[in-house]
Amino acid sequence: MNQNSNYYKVLGIDPTVSDEDLHRVFKGLFARYNPSSNPNSMYLKTMYQQLNEAFEVLGDRTKREQYNLERGFGAPIRSEVVTPVNNAPPALPNREHSVSESRVTTVKESNTAYIFLFVLIGILVIGGGGFAYFTLNGDKGKSNEIVTEEAVKTPLVNKDAEYEKSKGDIIVAEEKQQQVLVDKEEEKQATEITVSKSNTEQIVKNEEKVVKKTTESVKSETVAKLNDRKEQAPAKRAFRLGASKNDVWAAKGDPTDITTSGDLEIWHYGKTRIKFRDGKVVD
């Protein structure tokens, strides 16, 4: 780390933490990142080196106060008991530091070279792709322009004619559909009229039959009555003086009225009167 590094961020603690808490954090981090657990780990060696650099500054009370003052941090909290500096894990030998620094420098230089190479390749790919795109699509763009010009030159009358034709087809279809509905309705009404007419004719015929039958029945009854009267006519004139009431009744039928006068009983038939005495016709 360089002199501008924020050691407190590396340690993950507040700049005003007490010396006792600071040494406790250092102790735990030195134990975690000790490269003796894995000597081939570049990461552990790098972290261990950064911890040593931070400890060289923050582990000393005077250097720490000067460090906080230069960077505008608050003054650290003073602890009554301060963990001795010599309790911190020993730093790596200078040989390991130099090896780590050289390896880090090499890695940084390699990364820079790779980045530059990738950027160069990207520029070449993008430039070549753009050139190929414009080359291949040049003719296509010209053809599109020609088609567009032809489309613009096409008279709008054609579109109007197509619209009118389509509109006319729709109107014709609607008229045909309407005519079909009208024809169906007329056919339905004609069927109903035919059925109604047929029913009416049947009713008239039935009524004529009834009237004819009734007329014939009345006629036959009238003829029968006339015949009966013809047959009974001689009998009505058959009674005479001394006839009984039964004879008179058989000849004349029921009287319209019956009255008495003294010992006489009088039967009334309109203006005709028949007088009985002792049950016999006397006048």
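For the structure itself, consult the block above.
Counting from 1, residues in each chain are numbered in the order their sequence is written. In keeping with the model being predicted, local features are shown solely for residues with a pLDDT of at least 70 and side-chain atom pairs are shown and tallied solely at 80 or more, while totals for entire chains, interfaces and linings include all residues. By convention in this description, side-chain values take in all heavy atoms of the structure and omit both hydrogens and water.

## Observations regarding the pairing of strand β3 (residues 272-277)
Pairing between strands is defined by DSSP: at least two bridges between the two strands are required. Strands here are runs of E lasting at least two residues and helices are runs of H or I lasting at least four, both read from the DSSP assignment and numbered beginning at the N terminus. Bridge count for strand β2 (residues 264-269) against β3 is 5 bridges, and the pairing is antiparallel. Each residue of the ladder has a partner; that of isoleucine 266, found in β3, is lysine 275. Linking β2 back to β3 in an antiparallel pair, the connection comprises 2 residues, with glycine 270 at a positive phi of about 65 degrees. Here β3 pairs with strand β4 (residues 280-281) via 2 bridges, running antiparallel. When the sheet's bridge partners are listed, phenylalanine 276 is paired in β4 with valine 281. In this structure, the hairpin formed by β3 and β4 is closed by a connection of 2 residues, where aspartate 278 is found at a positive phi of approximately 55 degrees.

## Overview of the pattern of salt bridges
When the charged atoms of two side chains with opposite charge come close together, those side chains can pair. Basic side-chain nitrogens of Lys or Arg form a salt bridge, by our definition, when they fall within 4 Å of a carboxyl oxygen of Asp or Glu. The full count for this structure, using the stated rule, is 9 salt bridges. Close ionic contact of aspartate 21 with arginine 24 constitutes a salt bridge, the shortest N to O distance being 2.6 Å. Taken as a pair, aspartate 21 and arginine 24 lie in helix α2 (residues 19-32) at a separation of 3 residues, close to a single helical turn. Relative accessible area serves as the criterion here: at 31%, aspartate 21 is assigned to the partly exposed category. Using a relative accessible area of 49% as the deciding quantity, one classes arginine 24 as partly exposed. The shortest N-O distance in the salt bridge between arginine 277 and aspartate 263 comes to 3.0 Å. Accessible area is worked out with a 1.4 Å probe on protein chains only. A residue is then buried under 20% of its type maximum, exposed over 50%, and partly exposed in between.

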